[in-house]
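# Architecture and fold: a report
Chain by chain, the residues run as shown.
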Amino acid sequence: MTNSRSNRRDFIKGAGALAAVSALPLSTVELAFADSTKNFTFAYISDAHIQHIKGSEFVRNWDRGLIRAVAETNLLQPKPDFVMFGGDLAQLGTKAELDHGKAMLDRLQYKTHMVMGEHDYYLDLGAYWSELFGPHYYSFDHKGVHFVVLNSIITYDEWTHERWPTPEQRMLEMAGLDNPNGSPFMVGEKQRQWLAKDLEGVAKTTPVVLFSHSPIQKIYKGWNFWTEDAEEIQALLQPFADATVVYGHVHQIQYNQIGNISFHAVMATAWPWPYPQSYVQAESLLPKLTVPMNRADPFFERDATGWQFIDLASGRVAMEYNLYNNTNRRVAFNPTTGQPEDTAYQAVGSRIAPQTHY
Ligand SMILES: [Fe+2]
Ligand SMILES: [Fe+2]
């Protein structure tokens, strides 16, 4: 795979016209091959948090975020080959929320692959979600790339099955971002064994893209920007020449590099989260991130929401973020430093000043 610059430029030019109409909370992904007839794109929508109020009433803002993303995805040129939905379709995992969210997603004119979020899961442990969307974890191949979807938001059996008097209580406890009653997310042994077996048959030169809801890395445990068994999943990906993890859940731009694996977050259609460091808290609670990042403004509802192209050139992801009322950003793998970097704002001198709140 090599970077197909002219194709990407044409693609972005087409998208630029679209962006002039509205900036969107979705992602499109281009995989550029040396043989440009093999190029393809896919779209990425995440974290809709459809929230039921009562009767036929739902939180209007969250509905509108998803409706816009779906409508604009249907208008994309070139047409994406498929759509990923990155988890947290619902807010409290109810049938009403999942049905309402599915009705909106059903308007997509493309095959849609789903990722499980904790807000979809903790009411009935993914039972109704499965009726609607299928298995919690799976893999598929598309035009020379191996894609894997994991359910990365499960936790200890004791916490899940014994601690709470009702499923509703369990859901509420896990739904609170900074609630100390939450429990660390993990993938778990069953899926890790499945993943090891799934990857056994994949050539080490095949690009592998893993989709999860929580980051497969340990960013901040207090908010579950965290996966307890992240290192074990990472170890399974390290042998591949081109491995990328794309995750939702954090509702903001994030990127990182651990060994051979690049990490990228996608934005939400609902709202942006701040980065944990913008809260006043003990410095020691924050692990060292290997790549410094600019932060979104959590008090600006549409900062860190928007849409992005993901260009998987030479097997490495380059994210083209198109932000609402904010400067567009490009985060791309820098072969010189061996990590993803913001191509305009990575240097300390050109960084956007961090916002301080609280
Ligand atoms: Fe979310
Ligand atoms: Fe989430």
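Basis of the calculations
- Residues numbered from 1 in each chain as written.
- Chains lettered and ligands numbered in written order.
- Predicted model: local features only at pLDDT ≥ 70, side-chain atom pairs only at ≥ 80, totals over all residues.
- Heavy atoms only, no water.
- Pairing = 2+ DSSP bridges.
- Helix = DSSP H or I, 4+ residues; strand = E, 2+ residues; numbered from the N terminus.
- Axes fitted to C-alpha atoms, helices over the stretch in contact; angles between N-to-C directions.
- Contact = heavy atoms within 4.5 Å.
- Donors = N, O, S within 2.8 Å, 3.2 Å for Na, K, Ca; no water.
- Tetrahedral: all angles 85-135°; square planar, octahedral: opposite > 155°, others 65-115°.
- Buried < 20%, exposed > 50% of the residue type's maximum accessible area, 1.4 Å probe, protein only.
- Parallel < 35°, antiparallel > 145°, perpendicular 65-115°, else oblique.
- Left-handed = near helix turned anticlockwise from the far one by under 90°.
- Nonpolar A, V, L, I, M, F, W, Y, C, P; charged D, E, K, R; others polar.
- Core = buried A, V, L, I, M, F, W, Y, C linked by side-chain atoms within 4.5 Å.
- Salt bridge = Lys/Arg side-chain N within 4 Å of Asp/Glu carboxyl O.

### A look at the sheet that holds strand 9 (residues 208–212)
Ordered by their spatial adjacency, six strands build an open sheet running 7-8-9-10-12-11, and the pairing between neighbours is mixed. Every interior strand has two partners, whereas the edge strands, strand 7 (138–142) and strand 11 (255–258), have only one. On average, adjacent strands in this sheet sit at an angle of 20 degrees to one another, irrespective of strand direction. Direction of pairing for strand 11 relative to strand 12 (residues 261–265): antiparallel, over a ladder of four bridges. Residue pairing for strand 12: glutamine 257 is matched across the bridge by serine 262. Here helix 8 (residues 189–200) sits on the sheet and contacts strand 7, strand 8 (145–149) and strand 9; the angle it forms with strand 8, its principal contact strand, is near 170 degrees.

### Some points on the coordination of the iron ion (ligand 1)
Around the iron ion (ligand 1), the protein contributes the donor atoms Asp47 (OD), His49 (NE2), Asp88 (OD) and His251 (NE2), at 2.0 to 2.3 Å from the metal centre. What the four donor atoms of the iron ion (ligand 1) show is an angle range of 88 to 176 degrees at the metal, which sorts the shape as irregular. Each donor residue of the iron ion (ligand 1) lies on one chain, and together they are spaced D-x1-H-x38-D-x162-H. Distance-wise, the iron ion (ligand 2) is placed 3.5 Å from the iron ion (ligand 1), both being coordinated by aspartate 88. In this pair, aspartate 47 is assigned in the loop between strand 2 (40–45) and strand 3 (52–54) and histidine 251 in the loop between strand 10 (243–247) and strand 11, connecting sequence segments 204 residues apart. For aspartate 47, a relative accessible area of 0% translates into the label buried. On the basis of relative accessible area, histidine 251 is assigned to the buried category, the value being 1%.

### Describing the coordination of the iron ion (ligand 2)
The protein atoms that coordinate the iron ion (ligand 2) are Asp88 (OD), Glu118 (OE), Glu118 (OE), His213 (NE2) and His249 (ND1), at distances of 2.2 to 2.7 Å. Here the donor residues for the iron ion (ligand 2) map to a single chain with the spacing D-x29-E-x94-H-x35-H.

### Some words on the packing of helix 2 (residues 60–75) against helix 3 (residues 95–105)
At their nearest, the axes of helix 2 and helix 3 sit 9 Å apart, and the two run at 25 degrees to each other. As judged from the angle between their axes, helix 2 and helix 3 are roughly parallel. For the pair helix 2 and helix 3, the crossing hand works out as right-handed. Where helix 2 abuts helix 3, its residues Asp63, Leu66, Ile67 and Val70 lie against His100, Gly101, Met104 and Leu105. Tallied by class, residues from the contact of helix 2 with helix 3 come to five nonpolar, two polar and one charged.

### Points about the nonpolar core
In this structure, Ile45, Leu66, Phe85, Leu89 and Leu105 are the most contacted members of the largest nonpolar core, which totals 34 residues. Sorting the residues of this core by element identifies strand 2, helix 2, strand 5 (82–85), helix 3, helix 5 (127–133) and helix 7 (167–175) as the ones contributing at least two each. Discounting chain neighbours no more than four positions away, the residues touching leucine 105 are Leu66, Val70, Phe85, Leu89 and Met114. Tyr220, Trp223, Ala243 and Tyr247 belong to the second largest nonpolar core, which has 24 residues in total.

### Here's the deal with the environment of histidine 264
Secondary-structure assignment places histidine 264 in strand 12. Classification of histidine 264 as buried rests on a relative accessible area of 1%. Separated by 17 residues in the primary sequence, histidine 264 and tyrosine 247 place their C-alpha atoms 6.5 Å from one another. Excluding residues within four positions of it along the chain, histidine 264 makes contact with Thr244, Val245, Val246, Tyr247, Gln254, Tyr255, Val317, Met319, Val331 and Pro340.

### What about the pattern of salt bridges?
In this structure the tally under the stated criterion is eight salt bridges. Via salt bridges that share partners, Arg192, Asp229 and Glu232 belong to a single interconnected network.

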